[in-house]
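Breakdown of the fold
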Amino acid sequence: MTTTLLLARHGQTVWHAENRYAGISDVALTDTGLAQAKALGRWAEANPVDAIWTSPLSRAIATAAPASQALHLTPHTEPALRECDFGVMEGRTLAEFEAEHPEAAEAFRSDPVAHPFPASEDPTEAAARGTTALRRIAAAHSGERVLVVAHNTLLRLILCRLLSIPLSEYRRVFPQLRNAAVSEIRMTRGEGALLSLNVPCV
């Protein structure tokens, strides 16, 4: 049976407003991010789901909170949906890194999977854990609609894995998942089909 997964990136944070990598750092939502979370909540009220799953990071939990309240659902937390660990890039911008390490920055741009940031999580391993988690969630909610609130890089890696796109292309094929926008995936027997991408909740 088919499960519909509605994937949403968390709302804007202080670091993301400055284009800084947040990764596994626990960074709070801005006022804009809180407004985006409320918009996602209104969307969920108009487009009900049967369950809500989130990353364990507070920015994802806070983004899912209005939807949970609107639908009277208790959200489930999945550790494997956390964002990638960006190592030395946590709290920094790519421009700052490039000023100090231009060759490493260029290598990252050319192939972010073969040349990830120093001390960061292996993107291939991140894709595997995230994809496994989504397949597990889909199997647990067969025939249902599920809202999943997670993170920009992890979700892009998962989309590539589910759609048989080379992981090294995640930054080119999916330049950005917009904050609190919804992307719809149809999961059937563990395989994914993309039905919509970056649909705003306003």
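Source: prediction; values computed, not measured. (Residues numbered from 1 in each chain as written. Predicted model: local features only at pLDDT ≥ 70, side-chain atom pairs only at ≥ 80, totals over all residues. Heavy atoms only, no water.)

**Some points on the packing of helix α2 (residues 31-46) against helix α3 (residues 58-71)**
The geometry of α2 relative to α3 is characterised by a closest axis approach of 7 Å and an angle of 30° between their N-to-C directions. As the angle between them shows, α2 and α3 are arranged roughly parallel. In terms of crossing hand, the pair formed by α2 and α3 is right-handed. Across the interface between the two elements, A37, K38, L40, G41, A44 and E45 of α2 pack against A62, T63, P66, A67, A70 and L71 of α3. Split into classes, the residues belonging to the contact of α2 with α3 amount to eight nonpolar, two polar and two charged. (Axes fitted to C-alpha atoms, helices over the stretch in contact; angles between N-to-C directions. Helix = DSSP H or I, 4+ residues; strand = E, 2+ residues; numbered from the N terminus. Parallel < 35°, antiparallel > 145°, perpendicular 65-115°, else oblique. Left-handed = near helix turned anticlockwise from the far one by under 90°. Contact = heavy atoms within 4.5 Å. Nonpolar A, V, L, I, M, F, W, Y, C, P; charged D, E, K, R; others polar.)

**Describing the layout of surface pockets**
Considering only enclosed or pocket space, the largest pocket measures out at about 410 Å³ in volume. R9, H16, N19, Y21 and N152 are the residues nearest the centre of the largest pocket, which is lined by 22 residues in total. Secondary-structure elements contributing two or more residues to the lining of the largest pocket are α1 (14-17) and α7 (152-162). Considering each element in turn, the lining of the largest pocket owes the most residues, three residues, to α7. (1 Å grid on protein atoms, 1.4 Å probe; cavity = no way out; pocket = protein on both sides within 12 Å on 5 of 7 lines; lining within 4 Å. Points joined across faces, edges and corners; volume = space filled by probe spheres on them.)

**Here we look at the nonpolar core**
Inside soluble globular proteins, nonpolar side chains tend to come together where they are buried. L5, L7, F117, L134 and V148 are the most contacted members of the largest nonpolar core, which has 38 residues in total. Contributing elements (two or more residues each) for this core: β1 (2-9), β2 (51-54), α4 (94-100), α5 (102-110), α6 (123-140), β4 (145-150), α7 and β5 (182-188). Considering each element in turn, this core owes the most residues, seven residues, to α7. For L134, the contacting residues outside a window of four places in its chain are L5, L7, L81, V148, I158 and L162. In terms of nonpolar packing, the next biggest core, distinct from the first, is built from 16 residues, A8, A44, V49 and L71 among them. (Core = buried A, V, L, I, M, F, W, Y, C linked by side-chain atoms within 4.5 Å. Buried < 20%, exposed > 50% of the residue type's maximum accessible area, 1.4 Å probe, protein only.)

**A short note on the packing of aromatic side chains**
Applying the stated criterion across every chain yields a total of four aromatic pairs. Seen from their ring centres, Y21 and F117 are 5.3 Å apart, and the 75° between their planes marks the pair as edge-to-face. Residue Y21 is located in the loop between α1 and α2, and its partner F117 is located in the loop between α5 and α6; the two are separated by 96 residues in the primary sequence. Like Y21, the residue F117 is buried in the burial classification. Among the aromatic residues, ring-to-ring pairing joins Y21, F86, F97, F108 and F117 into one connected group. (Phe/Tyr/Trp six-rings, centres within 6.5 Å; stacked < 30°, edge-to-face > 60°.)

**Regarding the side chain of E83**
With respect to the element layout, E83 can be found in the loop between β3 (76-77) and α4. The buried charged residue E83 lacks any salt bridge partner; its closest oppositely charged side chain belongs to R59, at an N-O distance of 5.3 Å. Looking at E83, its side chain comes within polar contact range of the main-chain nitrogen of T153, at 3.2 Å. (Lys, Arg positive; Asp, Glu negative; His and termini not counted. Salt bridge = Lys/Arg side-chain N within 4 Å of Asp/Glu carboxyl O. Polar contact = N/O pair within 3.5 Å; in protein donor to acceptor, adjacent residues only side chain to side chain.)

**A few points about the sheet that holds β3**
The strands that make up a sheet are held in pairs by hydrogen bonds between backbone atoms, and each pair lies either parallel or antiparallel. Spatially, β3-β2-β4-β1-β5-β6 is the arrangement adopted by the six strands of the open sheet, whose pairing is mixed. In the strand order of this sheet, the two ends are held by β3 and β6 (191-199), each with one partner. Pairing of β2 with β4 involves four bridges; the strand directions are parallel. In the strand pairing of β4, I52 is matched with L147. (Pairing = 2+ DSSP bridges.)

No statement about biological role is implied by the geometric values presented.
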